[in-house]
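# Descriptive analysis of the structure
Residues per chain are reported as follows:
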Amino acid sequence: LAISNNPGKAYNPFLIYGGVGLGKTHLLQAIGHAIYDKSEAKKKVVFVTAENFTNEFVNSLQKNKPHVFKNKYRSVDLLLIDDIHFFQNKEGLQEELFHTFNALYGSKKQMVFTCDRPVSELRNITDRMKSRFEMGLNVELNPPNFETRFAILKNKVESLGIKISDDILELIAQNITSNVRDIESALIKLIAYAELVNRKITKEIAQQQLIDVFTTSRQSNVSIDIIQKKVAEYFNLSHIDLRGRKRTKAVAFPRQVAMYITRELTEYSTTEIGSDFGGRDHTTVMHAIQKIEGSLKSDPTMEPVINNIVRLIKEQSSKG
């Protein structure tokens with residue numbers, strides 16, 4: 001609302017980051033609609049995915065018409081780019097984006113971006129581009145809590161004009177903690193089944209029909225506690241050791257493995273991971289991740305170790 005009331009002045013650029021299905025694109029488009037609707041002289045609003053932005057740039061070079069691309073994106077009043085993590089490893093594209101950013105920022109034109117992680121965790125993005133993404137306001141979207149998940153389901157059911165008891169909605173809200181998209185998908189699956197067989201939805205039917213969804217959701221939302229315990233067991237340590245201050249190789253390496261796996265299996269940020277590993281700084285977590293990534297490239301025995309631990313973690317998570 002602040003951005004739509006004062007585009008280019010309040011929080012510019014604005015970056016929203018978080019996991020899939022949490023509403024980043026929805027908010028991005030809402031900002032665009034609000035600014036367009038509020039402006040008397042209709043503003044030039046452009047919404048584009050990072051992938052399409054890249055494709056347009058490449059096409060402009062192939063057709064020897066880079067000026068057309070520049071004119072389009074440097075003359076807008078509001079630029080909305082979805083999924084900027086797609087720009088990783090694309091040096092030429094980042095160069096063009098850098099100049100587009102500077103042109104718009106200098107003209108006090110609003111920019112809004114979305115990303116699946118904090119800017120600090122993007123790989124192969126130039127430092128000057130990172131610094132520009134971080135110039136304004138960066139906000140993280142977290143998965144909704146139980147009360148919010150239940151309210152979303154309740155609202156959805158009412159909007160569809162369907163009667164489903166609260167205990168079934170609670171069952172879905174308790175078992176699917178990932179994102180709104182997964183929650184609504186489970187509800188639609190349940191409704192479709194009930195209509196197909198012409199039966200009233202009971203708690204037993206819900207549990208039977210959604211067992212695969214519940215299992216997948218639990219695996220995609222593995223707790224840090226389970227990861228720490230399974231990594232500790234694998235290396236014959238106590239999971240308390242992984243959270244402690246010991247820096248011996250016997251503890252430091254398994255701790256790095258646990259941090260790496262946590263980043264791979266969960267949506268937690270490096271700051272949140274560091275907090276659950278004895279209050280460590282996010283840079284420590286990033287170093288651990290980079291260390292394991294390096295080992296995976298140089299040590300052929302590393303990948304089987306990681307895969308075995310991940311399998312044990314998922315097996316434990318699927319048991320609830």
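Below you will find a few notes about this structure. (Residues numbered from 1 in each chain as written. Predicted model: local features only at pLDDT ≥ 70, side-chain atom pairs only at ≥ 80, totals over all residues. Heavy atoms only, no water.)

## Considering the overall build of the protein chain
Counting secondary structure elements, the protein chain contains 17 helices and five strands. When the backbone C-alpha atoms are referred to their principal axes, the protein chain occupies close to 60 × 60 × 35 Å. Buried positions account for 42% of the 320 residues belonging to the protein chain. In the protein chain, the share of contacts with a sequence separation of at least 24, taken over all contacts with a separation of at least 6, comes to 71%. Summed over its atoms, the accessible surface of the protein chain is roughly 17000 Å², and 50% of this surface lies on carbon and sulfur atoms. A gap of 3 Å separates the mean positions of the 44 positive and 37 negative side-chain charges of the protein chain. (Helix = DSSP H or I, 4+ residues; strand = E, 2+ residues; numbered from the N terminus. Buried < 20%, exposed > 50% of the residue type's maximum accessible area, 1.4 Å probe, protein only. Contact = heavy atoms within 4.5 Å. Areas by Shrake-Rupley, 256 points an atom, 1.4 Å probe, with all protein chains shown as cover. Lys, Arg positive; Asp, Glu negative; His and termini not counted. Charge placed at Lys NZ, Arg CZ, Asp CG, Glu CD.)

## Things to note about the sheet that holds strand β2 (residues 45-49)
Hydrogen bonding along the main chain pairs the strands of a sheet, whether they run parallel or antiparallel. If you trace the five strands from one edge of the open sheet to the other, you get β2-β3-β4-β1-β5, paired in parallel fashion. Whereas interior strands pair on both sides, the edge strands pair on one side only; in this sheet they are β2 and β5 (137-141). Between one strand and the next, the sheet's axes are offset by a mean angle of 15°, whatever the strand orientation. Across the sheet, helix α3 (residues 50-62) touches β2 and β3 (78-82), and the angle it forms with β2 is around 95°. (Pairing = 2+ DSSP bridges. Axes fitted to C-alpha atoms, helices over the stretch in contact; angles between N-to-C directions.)

## Digging into helix α9 (residues 180-197)
In a regular helix each residue adds 1.5 Å, so 18 residues correspond to 26 Å; α9 covers 26 Å between its end C-alpha atoms and thus fits that length. Among all positions of α9, only I183, A186, L187, L190, I191 and A194 are buried. Looking down the long axis of α9, one finds its buried residues gathered within 130° of arc, a one-sided arrangement. Facing away from the buried side of α9 by more than 90 degrees, the exposed set consists of R181, E195 and L196. Positive phi appears at N198, one or two residues downstream of α9, with a value of about 55°. (Expected span 1.5 Å × (residues − 1). Arc of directions from axis to C-beta.)

## A look at the nonpolar core
F53, I81, I84 and F87 are the most contacted members of the largest nonpolar core, which has 27 residues in total. When residues of this core are traced back to their parent elements, those giving at least two are β1 (14-18), β2, α3, α4 (66-74), β3, α5 (91-106), β4 (110-115) and α6 (127-133). When residues of this core are assigned to their parent elements, the largest contribution, five residues, is made by α5. Discounting residues that sit within four places of it in the chain, F87 has contacts with A50, F53, T54, I81, L93, Q94, L97 and I125. (Core = buried A, V, L, I, M, F, W, Y, C linked by side-chain atoms within 4.5 Å.)

## Focus on the pattern of salt bridges
Under the defined criterion, the tally for this structure stands at twelve salt bridges. The residue E56 makes a salt bridge to K72 at a minimum N-O spacing of 3.0 Å. Note that E56 is positioned in helix α3 and K72 in helix α4, a separation of 16 residues in sequence. A network of salt bridges, in which partner residues are shared, links K70, R74 and E96. (Salt bridge = Lys/Arg side-chain N within 4 Å of Asp/Glu carboxyl O.)

## Quick look at the environment of N59
With respect to the helices and strands, N59 occurs in helix α3. According to the relative accessible area criterion, N59 is partly exposed, its value standing at 37%. N59 sits ten residues away from F69 along the chain, and the two C-alpha atoms are 9.1 Å apart.

## Comments concerning the packing of α3 against α5
Packing of α3 against α5 brings their axes to within 11 Å, and their N-to-C directions diverge by 95°. Considered as vectors, α3 and α5 are oriented roughly perpendicular to each other. Contacts from F53, T54 and F57 of α3 reach α5 at G92, L93, E96 and L97. Grouping the amino acids of the contact of α3 with α5 by side-chain chemistry returns four nonpolar, two polar and one charged. (Parallel < 35°, antiparallel > 145°, perpendicular 65-115°, else oblique. Nonpolar A, V, L, I, M, F, W, Y, C, P; charged D, E, K, R; others polar.)

## A word on the pairing of β1
Of all five residues making up β1, five are buried, and the element is well covered by its neighbours. Residues of β1 alternate between two faces, with F14, I16 and G18 on one and L15 and Y17 on the opposite face, all of them buried. Examined bridge by bridge, β1 and β4 share four bridges and lie parallel to one another. Each bridged residue has a counterpart across the sheet, and for L15 the counterpart in β4 is F113. Across five bridges, β1 lies against β5 in parallel orientation. If you follow I16 over to β5, its bridge partner there is V139.

The quantities given are spatial measurements derived from coordinates; they are silent on function.
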